[in-house]
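Structural overview
Take a look at the letters that make up each chain.
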Amino acid sequence: SLHGDQKAADTEEITVPKDIDLIGLPQLCFPGGLYLASESKEDHIHFLVFTDVCGNRTYGVVAQYYQPMQVCYLTYTGKTLGCFVPFAICVISRYPYFNALKDCLSCLLVQLRPFKNFDVDEHIKEFAAKLFLIPSPPPGPLHLVFNMKPLQIIIPSREDPDSPIIDLDLHLPLLCFKPEQVLQIMTCILTEQRIVFFSSDWALLTLVAECFMLYLHPLQWQHTFVPILSRQMLDFVMAPTSFLMGCHTDHFEEVSMEAEDLILINIDNGDITHSKTPEEEPEIPDVPAQAAETFIKRVESLQLHYDLELCHLGASTDLGELQMRRRAWQQKLNSEVQQTALQLIVNIFREVKDHLNYEHRVFNSEEFLKTRAMGDQPFYKKVLETYMFHSFLKARLNRKMDAFARLELSTQSEEDRLNVMFNSPRRLTVEKMASKRFNPQYVISRRMVISMPNLQDIQLPEGPTRISSLRRLETGICFSVKMPSKSVTTFKIPEIHFPLVCQCVQSYYADFFNHLSKAINTLPPDNSALLARYFYLRGLISLMQGKLLNALSDFQNLDKTDLRIFPTDLVRKIVETMPPSERSQADRKPELKKLISRVMEKQREIMKIDDHVKKFELPKTHMQLEDFVKRIQESGIVKDIDTIHRLFDALTVGHQKQIDPETFRDFYNYWKETEAEAQEVNLPPTVIEHLDKNECVYKLSCSVKTNYGVGKIALTQKRLFLLTEGGRPGYVQIAAFRDIEDVKSTTVAFLVLRIPTLRIKTISKKEVFEANLKTECDLWYLIVKEMWAGKKMADDHKDPQYIQQALTNILLMDAVVGALQSSKTIYAASKLSYFDRMKNEVPMMVPKTTSETLKHKINPSAGEMFPQAIDVLLYTPGQLDPSERPVSAHPKLWCALNEGKVVVFDASTWSIQQHCFKMGSSKLTCMVMVEQSQVWIGSQDSFIYIINTHSMSCNKQLNDHRSDVTDIIAYSCSSDGTVIAWNISSLKVNRAFQLPCQNLTSVKLHNDLLWCCTGSCILVVSAHEFRLQMKIEHNLKDVCSCVLCFQLFPERDEVWASYSGSSDLYIWNTRDLASTPQMIHLQDCSEITCMIKVKNQMWIGSRGRSQGKIKGKIYVVSAEKKTVEKELVGHADTVKALCSAEDRYVLSGSGKEEGKIAIWKVE
């Protein structure tokens, strides 16, 4: 069937899945052999898994039962013995519904019991046909229930499209093995060993093996998986490749003696052993210690015994109630076990992302291994070579938002989030040093903020480090909060009547369709998750009825209810096999035509996806500039192309403009060795107490003589200090970078020698610091001057990223000097003195007004190769919802970049909360918060994407526009002149109207009037009847007629507008539109690009030129005086977006030359 529920094989029309070996199936139905019995035996159920050559799995559930034969035997004692024949019924399913099919078979066996003869075929046929008519539920909060007397059978859904179906007791391995043994077995699977499970219970073999597969999710076992081997299949264990198989304990000795290098796991007694090996016994590496410790604690806290749950409950006499009570307990426990296992996987592989280069799809495995603790390295060395890990890497490089990514994101510390913004070289913070020395179980405190904070109160790290591998995994602590249980609804499938002739089947489908239609009509529209499941199921039923257009319409409704469960492959098959007459009908319906076009286009995109993964390798040939840029980015040292160009110039000083492999290797090794040595820096407590917790030591000098004593000069992102030597190491402050007044490199006489000396003069001290740095003097001179200039730039522009850039520059200088070892090394290193050169060449004075109003700058393109233009900004206030994590309650800043990317900042700390949503691949044009839980985003691809602010996921979209969506309020508009009024709760179109224009750029709503900017004029229409009320147009001789942007000032009855190519603002009085508009001229402005009303001011974003370069300027205009109160110069490119945050701050975003967001204080 098209919906893929092949669960029975009986007639010519229904075929067994092609990957099932029918010849071998009887062996698996009777894996222990087929024997007659002299007396009846208890019914037995066991489970099968079939894997085809592509790795796709099919599942079987087998019921064995005995039937008496008519023949009797007389023994020599004169007793009469019966003869019982074993029978087996096997149900095959594409999905692992182990418990559901076990219950179904149990019901069937009850029904077959009265039949003493073999006349059971008709009953089995009816049973198979009934199962075949039961659809699989789509992912999400809806389970299906159907009647199979005497039980109600529940078909569970998977939690989400990427989750596995779980219809078994996930805690079974925890009853059979200690937590430490569970970890051992998971290590064997993760390292892709040849594994054989043993048990005297055939059912346990499959269930336990399946549980371990689920523990690994989202990692997937890529090799042979045969959890049950019959006696005739034992030679399978001689296979040379990785596998996971299962045997009866009767064959334990045989298997262990015949095959080599096997991991033998006895489920019955919990033993884990090896079969004979030609050399010494292989050692199973331990799971990384801290991840293992967290896992063991969590497992020990689980309540694994249902009997303990029953102690305080009264006895139930209702079978259905007993069944539901047990099921509820099991679902809760399954969820806890699942989360515990997932947390283990996240803790093991969390830091893999720090060694990935997404642009070139490179994983630096050697550097990842070097950052692992020594005791953990054997584990990682084996795991990193597996197919399983390779597939995991593909998913990370594709930025797949699966269970791993969601948990990893939700358990990130604030420091992790800041590290996304400040891609600094790895160094231990002072806090990490202290925790390493004193308290390994430290916890990073998180503050909870509902409103936007005063920016003066936020202490941002000036150059945070990535978390090093030496940290304790705080996720174990923060994740101990119980996950809220998700509510699940059940839908009762109508009765299936027999005999199953065509008329009865069609009647069943009609009943099913009517039940679903009734559920859809009675469900409140805000319950979109459940609506989506009903639409999905109704689409399947329409498909089975042959009503293809109805099916497509229901699947199209998933756009507005839950896009994640849209069955793309199924819809594509429908379209490809649709008769021409129906296809032409579909093409006549605009919404179906758009759906078909989207599905077929998506197929072409899938075929283009590049999912290769490369390991980082040092180059073996000479490199020109372009290749050098790529190699440096792959290495993870730095991504910024301008910085890499300067590095290229430095490494090629005095040479032809190409870099040989030896120079690259020397530079790379020096960089990595310096990084590794920095991890070993361990400051004494007497020094640590003088430093901020986020400070890192980035460079230490050799031991030198200074006028403050003998010691090593240490550099952090904030200061220089002397680490004094002697009996007790001590701390002497040299200078904070912001306090430096002058830096000189000179020489002092010592006997007949002149010793190179560094002199640093500070504002706060009269005494000049002097250090006899000898051969290091010239390098330290460059380093201190670069940090001094970088700090000044960071302070002047309120942009902490400048400090990170300066740090990167000085460490590159250090590596260049260390790698080149020639007479021109200092000159070469000076090529990297970017900020110092800027300070000397072009003194960057920030105007006083700008400096006083500007509070902070952030970079949404952090970690990208190029800055990206900021197309739209949206601020959303915080919400305090007890069910959400505290971080979800913080205010957020949403930032739309190019090609449909959206970056979300936590506006209480300005750290990146979600690095990248992808809303199609077209430019995003507008964003608005609709109610408290939705953000709507308009795109040039004509869709409106809807983000759920609680789950931070996009699972809905509106497709009613036919061209670029240009603006959204309670209404939305598109460039072709369409205006749509929406019912927010149901996402249905209330009204739609076509304006007589082809360039509608924005709409505003005031007093039931819609003000529509059409480029040539502003049309005013009534919001209910869409009747034209007035038209604002003004033909100005010296102004282009295209209106770029406009704002209403309702309190003053004014409309403010700007025209393309003009530096003038035009203000109309809405009560007298015929009169000439007032005009305000803006100095040094080429064009007004955006505007926003804040309190009694209008903030105007613009493009201008200064010294031949494009500049972005913001004008703050008083609405009352009609004068410019402030001119703010905060961007090095056009101001493209403005938004207000609670009327306390204005946020501005610039074009692609700069790509930064400035945060301004509103007076």
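Quantities reported herein were computed from a predicted structural model and do not represent experimental measurements.

1. What about the pattern of salt bridges?
- All told, the structure shown has 48 salt bridges when counted by the stated rule.
- The partner of Asp169 in a salt bridge is Arg326, and the shortest N-O contact between them spans 3.6 Å. Here Asp169 is found in the loop between β7 (151-155) and α4 (172-176), whereas its partner Arg326 is found in helix α10 (residues 319-349), with 157 residues between them in sequence.
- When its relative accessible area of 30% is taken as the criterion, Arg326 is described as partly exposed.

2. Quick look at helix α3 (residues 121-132)
- Here α3 is 12 residues long and its end C-alpha atoms lie 16 Å apart, about the 16 Å a rise of 1.5 Å per residue gives.
- The set of residues buried in α3 consists of Phe127, Ala128, Lys130, Leu131 and Phe132.
- Buried residues in α3 make contact with β5 (84-93), α2 (98-112) and β6 (142-148).

3. Here's the deal with helix α8 (residues 289-300)
- In this model, α8 (12 residues) spans 16 Å end to end at C-alpha, consistent with the 16 Å of a helix rising 1.5 Å per residue.
- Taken together, the buried positions of α8 are Ala291, Ala292, Thr294, Phe295, Ile296, Arg298 and Val299.

4. Here we look at the layout of surface pockets
- In this structure, the second largest pocket encloses a volume near 1,500 Å³.
- Around the second largest pocket sit 44 residues that line it, and Val872, Thr925, Thr966, Asp967 and Lys1004 are the ones nearest its centre.
- Elements that contribute at least two residues to the lining of the second largest pocket include exactly β25 (872-876), β29 (924-930), β33 (965-968), β37 (1002-1006), β41 (1043-1049), β45 (1087-1094) and β49 (1135-1141).
- Grouping the constituent residues of the lining of the second largest pocket by class yields 25 nonpolar, 10 polar and 9 charged.

5. As for the sheet that holds strand β32 (residues 953-958)
- Pairing is antiparallel in the open sheet, where 4 strands are placed in the order β29-β30-β31-β32. Each edge of the sheet is formed by a strand with only one pairing partner; in this case those strands are β29 and β32. Across this sheet, the average inter-strand angle for adjacent strands is 25°, counted without regard to direction.
- Inspection of the sheet shows β29 paired to strand β30 (residues 934-939) by 6 bridges, in the antiparallel sense. Bridge pairing in β30 places Met929 opposite Val935.

6. Things to note about unusual backbone geometry
- With an omega of 10°, the peptide bond between Lys149 and Pro150 qualifies as cis.
- By the secondary structure assignment, Pro150 is in the loop between β6 and β7.
- A positive phi is found at Trp910, a non-glycine position, where the angle reads about 60°.
- Relative to the helices and strands, Trp910 resides in the loop between β27 (901-906) and β28 (911-918).
- Even without being a glycine, Asp1143 presents a positive backbone phi close to 60°.
- Turning to its location among the elements, Asp1143 is positioned in the loop between β49 and β50 (1145-1150).

Cut-offs and rules
- Residues numbered from 1 in each chain as written.
- Predicted model: local features only at pLDDT ≥ 70, side-chain atom pairs only at ≥ 80, totals over all residues.
- Heavy atoms only, no water.
- Salt bridge = Lys/Arg side-chain N within 4 Å of Asp/Glu carboxyl O.
- Helix = DSSP H or I, 4+ residues; strand = E, 2+ residues; numbered from the N terminus.
- Buried < 20%, exposed > 50% of the residue type's maximum accessible area, 1.4 Å probe, protein only.
- Expected span 1.5 Å × (residues − 1).
- Contact = heavy atoms within 4.5 Å.
- 1 Å grid on protein atoms, 1.4 Å probe; cavity = no way out; pocket = protein on both sides within 12 Å on 5 of 7 lines; lining within 4 Å.
- Points joined across faces, edges and corners; volume = space filled by probe spheres on them.
- Nonpolar A, V, L, I, M, F, W, Y, C, P; charged D, E, K, R; others polar.
- Pairing = 2+ DSSP bridges.
- Axes fitted to C-alpha atoms, helices over the stretch in contact; angles between N-to-C directions.

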